[in-house]
Amino acid sequence: MGRPLSLVPSVRFDDPLNDPALAGFTTGGASAYEREVDEIVKAFYDGHQPDQLQFLIAEAPGATVCVCAIHERPLQGVDPGAMYVGVIGVAAAFRGCYLPTGESLGDFMLTRSLAELFARWTVMPTVWALIDIANTRSQALFSRHAFAHLRTDKYQLWVRPAGLAV
Ligand SMILES: CC(C)(COP(=O)(O)OP(=O)(O)OC[C@H]1O[C@@H](n2cnc3c(N)ncnc32)[C@H](O)[C@@H]1OP(=O)(O)O)[C@@H](O)C(=O)NCCC(=O)NCCS
């Protein structure tokens, strides 16, 4: 069941290394894929710095709401200049929340991240993601943003073709 938020979180570009706003960040830890997301955020906090990293963090007063990292990662056989959604996660205390507009926080964060990418590159690159087979909520999120499910190996490969508007 959803919970309305009365405010729109503020979004900033972040250098995740040792940012206290990310210390102990968790999406809830109820499933293996949520724990994997928490570990990825911790790796950024600990210094993982892929090329062309765009790390956005959404905050409410005194609280981290949501994070999203996008960075360079070639998609073999499709686009050597592709960008990759390294992580997206809503903090446990804000899971299920939605904005006054009705937008969920995952939608809000992914839209902002793609828009910032477009602003930086002036053309929209190929963007891709790997999603756990059991993570149907994430699959639904990405499909709402014009990502298509290309194939399934260990993870599901989702691709958003270059040139699409946000
Ligand atoms: C994947 C993720 C980012 C998607 O974000 P999200 O769509 O905002 O998802 P949340 O989990 O915060 O909440 C979704 C729920 O909010 C509620 N909700 C959202 N908008 C709503 C609205 N306008 N009205 C009523 N309820 C609403 C619904 O209960 C919805 O559940 P449903 O999808 O089953 O209908 C988020 O689920 C998450 O952080 N998951 C854990 C980390 C993760 O798996 N990351 C992705 C790795 S690939």
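Let me sum up the structure you'll find in this document.

Definitions and limits used
Residues numbered from 1 in each chain as written. Predicted model: local features only at pLDDT ≥ 70, side-chain atom pairs only at ≥ 80, totals over all residues. Near = placed C-beta within 6 Å. Helix = DSSP H or I, 4+ residues; strand = E, 2+ residues; numbered from the N terminus. Nonpolar A, V, L, I, M, F, W, Y, C, P; charged D, E, K, R; others polar. Buried ≥ 20, exposed ≤ 12 C-beta atoms within 10 Å, placed from the backbone. Pairing = 2+ DSSP bridges. Core = buried A, V, L, I, M, F, W, Y, C linked by C-beta atoms within 7 Å. Contact = placed C-beta atoms within 7 Å.

## Points about the site of the ligand
Surrounding the ligand, one finds 22 residues, the nearest of these being Gly 2, Val 90, Tyr 98, Ser 104 and Gly 106. Broken down by secondary-structure element, the contributors of at least two residues to the shell around the ligand are helix 1 (32-46), strand 5 (83-90), helix 2 (105-121), strand 7 (127-131) and helix 3 (136-144). Each residue belonging to the shell around the ligand can be placed in one class, and the counts come to 10 nonpolar, 9 polar and 3 charged.

## So, the pairing of strand 4 (residues 63-72)
Each regular strand displays side chains that alternate between the two surfaces of the sheet. Within strand 4, 7 of the 10 residues are buried, leaving the element largely enclosed by the surrounding structure. Direction of pairing for strand 3 (residues 54-60) relative to strand 4: antiparallel, over a ladder of 7 bridges. Within the sheet, the bridge partner assigned to Phe 55 lies in strand 4 and is Ala 69. Between the end of strand 3 and the start of strand 4, which pair antiparallel, lie 2 residues, with Gly 62 showing a positive phi angle near 75 degrees. One ladder, built from 7 bridges, connects strand 4 with strand 5; its direction is antiparallel. Following the sheet pairing, Ile 70 is matched in strand 5 by Val 85.

## Digging into the nonpolar core
Ranked by internal contacts, the top residues of the largest apolar core, which has 35 residues, are Cys 66, Val 67, Cys 68 and Met 109. Elements with a minimum of two residues in this core: helix 1, strand 3, strand 4, strand 5, helix 2, strand 7, helix 3 and strand 9 (156-160). With residues near it in sequence (within four places) discarded, Met 109 still touches Leu 56, Ala 58, Cys 66, Cys 68 and Ile 88.

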